[in-house]
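A look at the structure
Next come the chains, spelled out residue by residue.
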Amino acid sequence: MAHFEGINNSFRAVIALLVAVCVVPLTADVLTRDHQRRLDLKMDEALLRVNNELDSDVLVTWRSERCYQCSYQQLGVIPARPSPGQSSSVDFTVSTQHAITLQLNSTPDTLELCKLRFHFGEHGNYSLWMKNLTNSSRCSIVTDADPVNSYIREFIFNGVVIWFLLFWFRISLVIMVFVNYGGGRYWFFRHESWNGLTVADLVFPWFVFIMGTSISLSVSSLLRSGSTRCSLLRKVVWRSVQLFIIGVFIINPNYCQGPLSWNNLRIPGVLQRLSWSYLVVASLDLTLGFPFLNMLFCSLWLFLTFLLPVPGCPTGYLGPGGIGDMGRYSDCTGGAAAFIDRWLLGENHIYQTPSSRVIYATHVPYDPEGILGSINSILMAFLGLQAGKIILHYRELPRSIMSRFLMWGLFLGAISALLTKCSTDEGFIPVNKNLWSLSYVTTLACFAFVLLVLLYYTVDVKRWWSGAPFCYPGMNSILVYVGHEVFEEYFPFRWKMANSQSHTEHLTQNLVATSCWVLISYVLYKKKIFWKI
């Protein structure tokens, strides 16, 4: 019976790889049947031809719907028509990730002629006509060539990813690898530019949450086996140091190309934040216990965020800078969080290309794994620790465990609703992964407790699913994380694509790469090879 179960697990481990490889035929001739002008378009772009039948030049500006309180950005100027009955035209490429608002003004008097909102489709061809009419409705958009529906092509595979997310407790590492490899280059598998959430923003805090749960379970087990608190504390410190050093090496791109240069060495990172959170939470759990100390960390984050003066910026600023807030605070990206990082670490030692550049056109460095946000990662780990203590205390009472998980979820959800006013941008403290805002932690912890109820009932109570094969990467989490970063550019994790502007090909490549690490971790599990620090 055990033999057949092992064979079944082997099939599970490779099925994602086989399915991903089989998708390749779907990528054939994606563009060959489309309009000829599409060949010059890149991923998430469309072609817009603006036609002007007016006697004056027209200035075209645009703004993404995801850009909160942003100033309009110039797209271009369309010259006046050469003669009656004729029109002048200019071609532009526009983004298709989100809907945009186009505003057309006559020049030089800057009279607003029309404003319209439109969501362009990928690789579509569109024409915007400015007609010389007497009423105010002077412009209209016509579809010249239908866009490619890249989402329908990957429906079944996105379904697989969503199924992965449902069982996040065992496979958070798998999702992290998939997202880090690109997630098919879809915008919802990339980090949100500023406020709000995408799939990519869910994984890291849940990983911190799971780490907190693991601390509770492992410390309890080791103390029962006879280990002393002092010996465990030494192990915690040494493990944290190792995590931090490994993180510094893999976060810098030239670690395989000779000695690291201190001039541009990035210091914060994912493993560095994990090491810091692990050190603080595990140390306090072994020594003091800290329900009230946790409130101290929250107060410290609130104090620094909202009361620390930042030169040239409003006190308590939580915005993205750049073109946000109508461009008034262009150098204030992240407010106090960025100021503390630049002050303590130096501008050259933090992340140089933050996600805020995508929509808000920011130009200053900002690190999403910076110092101030690390305070709230401790809170996330503490909440995971509480989940572990609930499991230990009520181990024989499944209904008590699930009811307490739901109560924690309801409590944290209520806090999130209060802090955010149930909106993306209008709340007191918006949900923001870049800042690791307080509402970001409470919201993700709320989701974690609710999903933990589903998983606990499915896996531990009813035993409908063992977690295989996606539990295997978690047994070699450091190896998988470090390996996927170090070997990202090597075959079979990456290869030259026939069409680098195809979501389908990127999704295929990213699924294959992720599946390879699932298979590698399964082989290591069968060989009883585990890399632990």
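Cut-off values and rules
Residues numbered from 1 in each chain as written. Predicted model: local features only at pLDDT ≥ 70, side-chain atom pairs only at ≥ 80, totals over all residues. Heavy atoms only, no water. Helix = DSSP H or I, 4+ residues; strand = E, 2+ residues; numbered from the N terminus. Expected span 1.5 Å × (residues − 1). Bend = angle between axes of the 7 residues up to and from the residue. Buried < 20%, exposed > 50% of the residue type's maximum accessible area, 1.4 Å probe, protein only. Pairing = 2+ DSSP bridges. Axes fitted to C-alpha atoms, helices over the stretch in contact; angles between N-to-C directions. Core = buried A, V, L, I, M, F, W, Y, C linked by side-chain atoms within 4.5 Å. Contact = heavy atoms within 4.5 Å. Phe/Tyr/Trp six-rings, centres within 6.5 Å; stacked < 30°, edge-to-face > 60°. Lys NZ or Arg CZ within 6 Å of the ring centre and 35° of its normal. Salt bridge = Lys/Arg side-chain N within 4 Å of Asp/Glu carboxyl O. Disulfide = S-S within 2.5 Å.

Under an unreviewed UniProt entry, the name given to the chain is Heparan-alpha-glucosaminide N-acetyltransferase, and the source organism is Nothobranchius furzeri.

Regarding helix α13 (residues 438-461)
Over its 24 residues, α13 extends 32 Å from the first C-alpha to the last, a length consistent with the 34 Å expected when each residue adds 1.5 Å. At L455, α13 is deflected by roughly 30°, the largest bend along its length. A large share of α13 lies buried, amounting to 18 of its 24 residues.

Some words on the sheet that holds strand β1 (residues 45-52)
Strands sit in the order β4-β1-β7-β8 across an open sheet of 4 strands; the sheet is mixed. Every other strand in the sheet has two partners, leaving β4 (88-95) and β8 (139-145) as the edge strands with one partner each. Sheet twist, expressed as the average angle between the axes of neighbouring strands with direction ignored, equals 25°. Sheet topology places strand β7 (residues 125-130) next to β8; 6 bridges connect them, and they run antiparallel. Within the sheet, the bridge partner assigned to M130 lies in β8 and is C139.

A few points about the nonpolar core
Counting residues in hydrophobic clusters, the biggest one holds 101 residues, and the most contacted among them are M380 and L383. Among the elements that line this core, the one with the most residues is α13, at 12 residues. Once residues lying within four places of it in the same chain are set aside, the contact partners of L383 are F209, W408, L412, V441, A445 and F449. With 22 residues, the next largest nonpolar core counts I100, L128, C139 and I141 among its residues.

Side note on the packing of aromatic side chains
According to the stated counting rule, one finds 19 aromatic pairs in the structure shown. Judged by centre distance (5.2 Å) and plane angle (10°), the rings of Y186 and F188 are stacked. On the basis of relative accessibility, which here comes to 0%, the residue Y186 falls in the buried class. With a centroid separation of 5.7 Å and 75° between ring planes, the pair formed by W187 and F188 is classed as edge-to-face. Looking at W187, the relative accessible area reads 24%, which means it is partly exposed. In textbook terms, an aromatic cluster arises when at least three aromatic residues are bridged by ring pairs, as seen for F178, Y186, W187, F188 and F189. In this arrangement the basic side chain of R273 is found over the ring face of W436, its NZ or CZ atom lying 5.0 Å from the centre. Directly above the aromatic system of F428 lies the positively charged group of K421, at a separation of 4.4 Å from the ring centroid.

A few points about unusual backbone geometry
Note that the residue after F491, namely P492, is joined by a cis bond; omega there is 10°. Counting through the fold element by element, P492 comes out in the loop between α15 (477-486) and α16 (503-526). Non-glycine residue D44 carries a positive phi angle of around 60°. Structurally, the position occupied by D44 is in the loop between α1 (2-22) and β1.

What about the sheet that holds strand β6 (residues 112-118)?
Across the sheet, 4 strands lie side by side as β3-β2-β5-β6; this open sheet has antiparallel pairing. If you trace the sheet from one side to the other, it starts and ends with β3 (73-78) and β6, each paired once. Adjacent strand axes in the sheet meet at a mean angle of 20° when their direction is disregarded. Here strand β5 (residues 100-107) pairs with β6 via 6 bridges, running antiparallel. Directly across from N105, in β6, lies its bridge partner E112.

Observations concerning the environment of M176
Looking at the element boundaries, M176 is found in helix α4 (residues 168-180). Assessed through its relative accessible area of 8%, M176 is described here as buried. Linking M176 and F204, residues 28 residues apart in sequence, is a C-alpha distance of 7.3 Å. Residues contacting M176, with those up to four places away along its chain left out, are V203, F204, F207 and Y481.

Examining the side chain of S356
Its location among the elements puts S356 in helix α10 (residues 356-360). Among the residues examined, S356 registers a relative accessible area of 0% and is labelled buried. Excluding residues within four positions of it along the chain, S356 makes contact with S193, W194, T333, A361 and T362.

Some details on the pattern of salt bridges
Tallying each qualifying case throughout the model produces 11 salt bridges. Residue E369 pairs with R266 through a salt bridge whose shortest N-O separation is 3.0 Å. Within this pair, whereas E369 is found in the loop between α10 and α11 (371-393), its partner R266 is found in the loop between α6 (229-251) and α7 (270-287), the two being separated by 103 residues in sequence. Given a relative accessible area of 8%, E369 falls into the buried group. E369 serves as the salt-bridge partner of K433, at 3.1 Å between the closest nitrogen and oxygen.

Section: the state of the cysteines
A complete count under the given rule lists 3 disulfides for this structure. The disulfide that involves C67 links it to C70, with 1.8 Å between the sulfurs. The disulfide joining C67 to C70 has a torsion of about -75° about its S-S bond and is therefore left-handed. For the pair formed by C67 and C70, the shared burial category is buried. In this model C114 forms its disulfide with C139; the gap between the sulfur atoms is 2.0 Å. The S-S bond linking C114 to C139 shows a torsion near 135°; that makes this disulfide right-handed. Of the two residues, C114 sits in strand β6 while C139 sits in strand β8, which places them 25 residues apart along the sequence. Along the chain, the cysteines that take part in disulfide bonds pair up as 1-2, 3-4, 5-6, counted in sequence order.

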